[in-house]
Amino acid sequence: MTDSRPLPSLAEASYAREFWDAANEGRLVVQRCEACTTTQYFPRPRCGACGGSVDWVEASGLGTVYSHAVIRRPVSNPAFRDEVPYVTAYVELEEGPRLFTRIVECEPETVERGLPVSVTFERVSESVVLPTFEPR
Amino acid sequence: MTFEDVAIVGIGETAKRRPDDPAELRSLERLYADATASTLDSAGLQHAAIDGVGVIRSGVQTPANFVGHLVETLGFENVRWATTADTGGSNAVSLLLQGALAIDAGIVETFLCLGADAPVDPTAPPAGLFERDPRGYVRNYMDPFGTQGPNSRLAHVQTVHASEYGTTREQLGHIAVVQRRHAALNPRAWFDDPIDLAAYLDATPIADPIGLFDCVIPVNGGFGVLLASAERASELDVDPVEIAGFGECSNYGDSRSPDVTTTGVTVAGRAAYDRAGVGPDAIDCWQVYDDYPIVVAMQLEDLGLCDKGDGGPYVAGTDLGFDGDVPLNTSGGQLSAGQPGMAAGFVQLVEGIRQLRRDADDRQVRGATRGVVTGAGGVAYGKNLRHCSVLVLERGDRS
């Protein structure tokens, strides 16, 4: 990992604070609409389905790989050059939303659609922990 | 007809550049100025005839009210309608529609659409083009995990298309190969050396399944399209092109459980066909936004050329040459003519008009009278194209 690895701008979106605080404690949370009960990810100020107010609920941390890519040339984000090849994926959570993440603890070529995965947490700075996923 | 009182009367295009010497770097204003001169020249009009001006939002940093700065710099006076389009790769079509609306409403008689960008800057880091929204999901929920921009994001889409429908790289490679052939026939294109399917398949892997020849070649360049009222157009010595139909669509589909193999072109295309009163059988040439071959294949499905999922076998089994059955991206497209940053949509728009003016020289589609142009701006989270535009253009009659 290099020092210039991009980090989330925690101070900019106050409505997302609970997501990052939870990750810091090793918990995965997603937003749920108080009006229509739709769950959503990524964090937004209001429900993307109906515009209602949102609250946070604990996610099981279980899901399956919906789509993935094996990164071989870090063209846009050179900070990851020492980590290739690695796998980015949208994981479909049991709660419904798809979450963009990284699949870890496996050979990149073994990842396929539908692969059952579970959340794991990777600390990348003093204040930031990322929810990544590993095969289960 | 949609805009009966509007005609496209001019197109312009600068040479494409990839400067490796900082001293050679052309300013954005220079690209706009050259594009303007080229466009006015093609219509036989002077600066003073322009009373409406629109620009795109470039990737190169520009000040607020850039359109105002540019109108001043280019020397247009007493402009009565100045506007900006900011829908990424859809912006060329969006700007054209803004201009057509202004003419249709009787606000202006002429409207100059301009798009230029300079993504290739040897003095800037390679990823320096697009500044991240500090509150945006790319900055906060994608970058930290190692996303590699559109290359990796369209790789995700292609894995789903391949898994659902069996689409192969061998099939999609036909798009890259035919567009390179077209680029070799286009003196304004960046590449002029052909590639074959073996070269496509052997290309450097970037983000599996995306390889090097699935990616565009960034270039610096500028474009223009000039609209005029039908009355004004009738005074000019040009072959007018008409906007027969159009449609746009932002954030297509169910956000909770999106089908990432279907694009907003389904909605935008249906609107464009309905307004034009024609279907895909009536189209002579296709300029389809080509940031990646998989994006072209999905749009061909969504435009009704084949069933959903059959894009792979369709492109492999169809002659897509300018002289073939379904002429596709006859300039070489962004894959081979070059992608000029946020002005990318003009690659398709200008070539679509050029073909209907029958001004495409060695790559002219014989008898071209009706063409489709698409634009696509950005990739939405967990989906595909964020903003889609479709135009049906028709060759008009000189009056």
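Cut-offs applied
Residues numbered from 1 in each chain as written. Chains lettered and ligands numbered in written order. Predicted model: local features only at pLDDT ≥ 70, side-chain atom pairs only at ≥ 80, totals over all residues. Heavy atoms only, no water. Helix = DSSP H or I, 4+ residues; strand = E, 2+ residues; numbered from the N terminus. Buried < 20%, exposed > 50% of the residue type's maximum accessible area, 1.4 Å probe, protein only. Pairing = 2+ DSSP bridges. Right-handed = clockwise from strand over helix to strand, strands pointing away. Contact = heavy atoms within 4.5 Å. Buried area = accessible area lost by both parts, 1.4 Å probe. Salt bridge = Lys/Arg side-chain N within 4 Å of Asp/Glu carboxyl O. Polar contact = N/O pair within 3.5 Å; in protein donor to acceptor, adjacent residues only side chain to side chain. Axes fitted to C-alpha atoms, helices over the stretch in contact; angles between N-to-C directions. Parallel < 35°, antiparallel > 145°, perpendicular 65-115°, else oblique.

Chain B carries the name Thiolase C-terminal domain-containing protein in an unreviewed UniProt entry, which gives Halovivax asiaticus JCM 14624 as its organism.

Under an unreviewed UniProt entry, the name given to chain A is DUF35 domain-containing protein, and the source organism is Halovivax asiaticus JCM 14624.

Residues and elements named next belong to chain A. Looking at the element boundaries, Ala23 is found in helix α1 (residues 17–24). Ala23 gets classed as buried once you look at its relative accessible area, which sits at 2%. Taking C-alpha positions, Ala23 is 9.1 Å from Glu122, a pair spaced 99 residues apart along the chain.

Next up on the list: the pairing of strand β3 (residues 81–85) of chain B. Residues and elements named next belong to chain B. Where strand β2 (residues 52–56) lies against β3, five bridges are found, and the strand directions are parallel. Paired with Ile56 across the two strands is Ala85, which belongs to β3. What joins β2 to β3 is helix α2 (residues 66–74), and the crossover it makes is right-handed.

Another point: the interface of chain B and chain A. With 35 residues of chain B in contact, the opposing surface of chain A contributes 44 residues. Interface area, chain B with chain A, both sides summed: about 3,600 Å², of which 55% is carbon and sulfur. Area buried by chain B at its contact with chain A is led by Tyr141, Phe145 and Gln148 of chain B, which between them contribute 23% of it. For Arg72 of chain A, the salt bridge is made with Asp208 of chain B, and the minimal N-O distance between the two is 2.7 Å. Counting across the interface, chain B meets chain A through 24 residue pairs in polar contact (both at pLDDT 80 or more).

So, about the packing of helix α3 (residues 91–104) of chain B against helix α13 (residues 345–356) of chain B. Residues and elements named next belong to chain B. Put simply, α3 and α13 touch, their axes get as near as 7 Å, and they point 60° apart. Of the possible angle classes, the one that applies to α3 and α13 is oblique. On the side of α3, the interface is formed by Asn91, Ala92, Leu95 and Leu96, while α13 contributes Gly345, Phe346 and Leu349.

This part covers helix α10 (residues 293–302) of chain B. Three- or four-residue spacings in an α-helix give side chains the same orientation, since the helix completes a turn every 3.6 residues. Residues and elements named next belong to chain B. Of all the ten residues making up α10, ten are buried; the element is thus mostly covered by neighbouring parts of the structure. Those residues of α10 lying buried are Pro293, Ile294, Val295, Val296, Ala297, Met298, Gln299, Leu300, Glu301 and Asp302. Positive backbone phi, at 90°, marks Gly304, one or two positions downstream of α10.

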